[in-house]
Amino acid sequence: MSMIPVSPAVQKAYALFQSGDLDACEKALTRHLQASSKDLNALLLLGRTQVRLFKDEQAEFVYKRALAIKPDWIDALGYLADLYMCVPKYPEAEKAFRRITELAPNFGGAHAGLAQALRPQGKIEEAVKSARRAFELEPENPNVCNGLADVLQLSGRLDECVAVLKRNLELHPKSDGARHSLMANLNYLWPHDPEEIFRLQSAYAAGFPPTVLHQMVREPVRSVGPIGSRPLRVGFLSYDLRAHSVAFFLLPIIEHAEKSRVEYHLLHTGPKDSFSAELARWAKMHDLHRIDPVQVAQRIRALDLDVLIELGGHTAMTAIRLTNPRLAPVQGTYLGFPGSTCMPEIDVRIVDSVSDPAEARYDALATEKLLRLERCFLCYEPLVGSAVEVEARPSDAPVVFGGFNAVFKMNDHTLELWAKVLHAVEGSRLVIKNAASGAPATRERLGNVLKRAGIDESRVEFPAYIPGLREHMMSYSQVDIALDCFPYNGTTTTCDAMWMGVPTLTIEGNSHVSRVGASINTAAGLSEFIARDEADFVQRAATLSRDRAALARVRMGLRERMNASPLRDGVGMARAFERALIEEWNLRCAVSKP
C-alpha cells in the first residue's frame, strides 16, 4: 500500500489483499466502512481491490469518495488517474495527473503519467514537454526513460529517441521496454541496411532476461501431433484487439474462417472497445487485460492451443514475451511488426512472396521460417463510417501529393526525396497530415527539411489533426497521388488512400519493411506505382502527373479495382491463411515421426 494502515480492520483487510483473497478483502472493507465511513486508508484499499476485481465504476466512485473527504490527497488522485488510463478515459486521466503535478511539481512519475494521458489525445508536443520534465526529475527511472522515448518517437525525433533508449538500456540491461523499443525504432532510421539492422536486433533480442514465467512453467508444452478430424486450434495474442490497424486486418481472417478446419481464439491483453465486440462475434474472445502475466500464461496453456500467433512483435505494449517459455507447440508472428522478431521461441512469420521474395537473402533476414501466402499477406476491411464517396479532382488544378503516414516514418531522407518530386512536377503541392502535423514543432521540423531542399513553404500544407474517421477519409479528396515513406512503408494508410481513389507511389525496397507498399500495389494491379529506385520514383511521379486523364481514370475506378482484388477478398484470405497453418502443422507432424 502507499500508506501505513492505521486501524486493525484495515490491517487485516490488507493481509487479505496481499494474499490474493480479493472478495474477502472487499467484504471486510465494506463492513468496516459502514461504521467508519471516513476511513481514508480503507477507502483507498477498497478502490484498489475493486480495480483488481474489474469493478471499475465502483472503484472510481470510492476514489472520488475519498477525494471528497481529502480533495488534495495525492495517493487517491494517483490511483484514480491510473484507473482512468486503464479504462481508458484519457481526458479524465489528464485532469487527475495535472492536479498531482500542481500539488507535487517535483514528482516525476506524475509528469510521466501526464505525458501518457496526453499522447492518445493527439497532444504530442504537450506530451513531449511533460515527458522531458519527468526525465529531468528522474533521469535514472527506466519507466520514465521509456516514456520519454515513446513520445519522442511519436513526434518524429528518432535520433533523440534512440539515444534515450540506448542510455536506458546501459543503465538498466533488464529493461524489456527499452529492448523492444530499440528493436522497433531501428526500422525507421535512414540509412537502411537490412543486414546490419537484423544483426543489431538479434543482439538486442539475445539480451532479454528470463521471464517470471520460467518459474511457473515446469512441464514442457506438448509435442506436435496429428489432430485427426478436429479443427486446428489457433490463438491470436495481442494488446490491440480493438480499434487498431492490427485488428482491422485480422477481421477478415476470423470472419470468414472455415470452422471445421480452424478454431480461432482471441487472446486480448489490452482494453476493450466497440471493435473488440465486433471481433468477438467471429471468434472466442479471452479478456486478459490487467491480469498478472503468470495467470495469463496459465489461461492460455489451459486452452491447449496447437498454434499461437502473436500480433505485436516489438511494438508498444507487446505480449511477445509471453511466448517464452512456450505456450503452444507452434508459435508464430503476423501483422504487427515489419520484420523478424529475432526471438527463438517464434517459429514462423506469415508474409507473401512480394513482401519477402523466396530468395536466400530474405530468408537470412529472419530467425523464423517464412510462411509465404500465395496472395498478398494483407486483406483490407474498410471501417463503418469510411464509406465516403470518391470525388473527382479538377484536371486544371496543380497536382497535389499527399503524405499521410505517421510523422516518425518521415525521416529527413524521405522528405528530401519528396522535395525532388516537387521540383520535378512544376507547380505541385504537398499535404502532410498525421496526428502530429498540426503541432508547431512538427511543422517547423518537417518544413525546415523541405526548405533546405529548396521547397518554398507556400507549396506545403500541414492540416491539423482530425480525429473523426469520416473527416479523415474526406481529406483524401484534395490529394492526387500519395507518396510512400522509406524505409518504413505505409500499410493502413496506403489502403485507406486507395479506398478513396488515391494511388500511393512507392519504391520496391530490399526488406519487408520497405516492400509492403509493393505488396499492396501488386495485389491491386498498380504496377505503374511501384518504382525500382529513387530516380525512378521521381521520374514516375512526373510522368504520372502529366497524364491527368489517366490519373483521373485510376482515381474513379480504384475502389472498384480494389474490391475485385485480393485486398478485398476476405474469403480468399481466410482460406490461404488456414491452408498455410494446416500445411505447416502437417509438415511438422511428418518430420516429428520416429
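One can find the structure itself at the top, above this paragraph.
Source: prediction; values computed, not measured.

## Considerations on the overall build of the chain
- For the chain, the helix and strand inventory stands at 25 helices and 13 strands.
- Computed over the C-alpha atoms, the radius of gyration of the chain is 26 Å, within 12% of the 25 Å expected from 2.2 N^0.38 for a compact globule of 594 residues.
- Dimensions of the chain, computed from the C-alpha atoms along their principal axes, are close to 80 × 65 × 45 Å.
- Within the chain, contacts between residues separated by at least 24 positions form 68% of all contacts whose residues are at least 6 apart in sequence.
- As displayed, the chain has an accessible area near 24,800 Å², and 54% of this comes from carbon and sulfur atoms.
- In the chain, which carries 70 positive and 72 negative side-chain charges, the distance between the mean positions of the two groups comes to 4 Å.

## Focus on the environment of alanine 81
- By the secondary structure assignment, alanine 81 is in helix 5 (residues 74–86).
- A C-alpha to C-alpha distance of 9.9 Å links alanine 81 and proline 91, two positions ten residues apart in sequence.
- Among all residues touching alanine 81, those that are not within four sequence positions of it are Ala93, Ala96 and Phe97.

## Thoughts on the pairing of strand 8 (residues 400–403)
- With burial as the criterion, each face of strand 8 is covered, one bearing Val400 and Gly402 and the other bearing Phe401 and Gly403.
- Judged from the four bridges that link them, strand 8 and strand 9 (residues 429–432) form a sheet pairing that is parallel. Bridge pairing in strand 9 links glycine 402 to valine 431.
- Taken together, strand 8, helix 18 (residues 412–424) and strand 9 form a β-α-β motif whose crossover is right-handed.

## So, empty space enclosed by the protein
- Under the counting rule described, the total for this entry stands at four cavities of 30 Å³ or more.
- Here the largest cavity defines a volume of roughly 160 Å³.
- Taken together, 16 residues form the lining of the largest cavity, with Pro338, Gly339, Ser340, Leu365 and Ser511 sitting closest to its centre.
- No other element matches helix 12 (residues 194–206), which puts four residues into the lining of the largest cavity.
- Each residue belonging to the lining of the largest cavity can be placed in one class, and the counts come to seven nonpolar, seven polar and two charged.
- What the second largest cavity holds in volume is close to 60 Å³.
- Along its surface, the second largest cavity is lined by Gly402, Gly403, Phe404, Asn405, Tyr476, Ala482, Leu483, Thr493, Thr494, Ala497 and Thr504.

## So, the packing of aromatic side chains
- The final tally for this structure, using the stated rule, is eleven aromatic pairs.
- With a centroid separation of 6.0 Å and an interplanar angle of 45°, the aromatic rings of phenylalanine 236 and phenylalanine 577 are classed as tilted. In this pair, phenylalanine 236 is assigned in strand 1 (residues 232–238) and phenylalanine 577 in helix 25 (residues 570–592), connecting sequence segments 341 residues apart.
- Here phenylalanine 577 falls in the buried class, since its relative accessible area comes to 1%.

## Side note on helix 10 (residues 158–171)
- In this model, helix 10 (14 residues) spans 20 Å end to end at C-alpha, consistent with the 20 Å of a helix rising 1.5 Å per residue.
- Every buried residue belonging to helix 10 is among Leu158, Cys161, Val162, Val164, Leu165, Asn168 and Leu169, and all of these are buried. Viewed along the axis of helix 10, the buried residues span an arc of 160°, placing them on a single side of the element. Seen from the buried face of helix 10, the exposed residues on the opposite side, beyond 90 degrees, are Asp159 and Glu170.
- Of the surrounding secondary structure, the elements contacted by the buried residues of helix 10 are helix 9 (142–154), helix 11 (176–185) and helix 12.

## Quick word on the sheet that holds strand 8
- One open sheet accounts for six strands, arranged 10-9-8-11-12-13; its pairing is parallel. Single-partner strands in this sheet number two, and they are strand 10 (460–461) and strand 13 (530–531).
- The sheet contact formed by strand 11 (residues 481–483) and strand 12 (residues 504–507) spans two bridges and is parallel. The residue of strand 12 that forms the bridge with alanine 482 is threonine 504.

## Points about the environment of valine 421
- By the secondary structure assignment, valine 421 is in helix 18.
- The spatial distance from the C-alpha of valine 421 to the C-alpha of leucine 267 is 44 Å, given a sequence separation of 154 residues.
- Each residue touching valine 421, except ones within four places of it in the same chain, is listed here: Phe401, Ser428, Leu483, Phe537, Val538 and Ala541.

## Focus on the pairing of strand 9
- Of the pairings in the sheet, the one linking strand 9 to strand 10 comprises two bridges and is parallel in character. Note on strand 10: the bridge partner recorded for leucine 430 is valine 460.
- Regarding the hand of the β-α-β motif, the stretch spanning strand 9, helix 19 (residues 440–452) and strand 10 is right-handed.

## Re helix 6 (residues 90–103)
- Here helix 6 is 14 residues long and its end C-alpha atoms lie 20 Å apart, about the 20 Å a rise of 1.5 Å per residue gives.
- Every buried residue of helix 6 is listed here: Ala93, Glu94, Ala96, Phe97, Ile100 and Thr101.
- Turning to helix 6, the residues buried within the fold contact helix 5 and helix 7 (108–118).

## Describing the layout of surface pockets
- If you add up the space inside the second largest pocket, you get close to 270 Å³.
- Lining the second largest pocket are 13 residues, with Leu158, Asp159, Asn411, Asp412 and Arg445 positioned closest to its centre.
- Those elements giving two or more residues to the lining of the second largest pocket turn out to be helix 10, helix 18 and helix 19.
- No other element matches the three residues that helix 19 contributes to the lining of the second largest pocket.
- Its residues assigned to classes, the lining of the second largest pocket comprises five nonpolar, three polar and five charged.

## Re the pattern of salt bridges
- Counting across every chain of the model gives 43 salt bridges.
- Note that arginine 99 and aspartate 72 form a salt bridge whose closest N and O atoms lie 2.8 Å from each other. With arginine 99 in helix 6 and aspartate 72 in the loop between helix 4 (56–69) and helix 5, this pair connects stretches of sequence that are 27 residues apart.
- Here glutamate 578 and arginine 575 are joined by a salt bridge, their closest N and O atoms 3.0 Å apart. On the criterion of helical spacing, the pair formed by glutamate 578 and arginine 575 is a turn pair, its members being three residues apart in helix 25. Taken individually, glutamate 578 and arginine 575 each receive the classification buried, so the pair is uniform in this respect.
- Three or more residues are tied together by salt bridges with common partners; here these are Arg222, Arg230, Arg233, Asp304 and Asp306.

Thresholds, definitions, all that
- Residues numbered from 1 in each chain as written.
- Predicted model: local features only at pLDDT ≥ 70, side-chain atom pairs only at ≥ 80, totals over all residues.
- Heavy atoms only, no water.
- Helix = DSSP H or I, 4+ residues; strand = E, 2+ residues; numbered from the N terminus.
- Rg over C-alpha atoms; globule rule 2.2 N^0.38 Å.
- Contact = heavy atoms within 4.5 Å.
- Areas by Shrake-Rupley, 256 points an atom, 1.4 Å probe, with all protein chains shown as cover.
- Lys, Arg positive; Asp, Glu negative; His and termini not counted.
- Charge placed at Lys NZ, Arg CZ, Asp CG, Glu CD.
- Buried < 20%, exposed > 50% of the residue type's maximum accessible area, 1.4 Å probe, protein only.
- Pairing = 2+ DSSP bridges.
- Right-handed = clockwise from strand over helix to strand, strands pointing away.
- 1 Å grid on protein atoms, 1.4 Å probe; cavity = no way out; pocket = protein on both sides within 12 Å on 5 of 7 lines; lining within 4 Å.
- Points joined across faces, edges and corners; volume = space filled by probe spheres on them.
- Nonpolar A, V, L, I, M, F, W, Y, C, P; charged D, E, K, R; others polar.
- Phe/Tyr/Trp six-rings, centres within 6.5 Å; stacked < 30°, edge-to-face > 60°.
- Expected span 1.5 Å × (residues − 1).
- Arc of directions from axis to C-beta.
- Salt bridge = Lys/Arg side-chain N within 4 Å of Asp/Glu carboxyl O.

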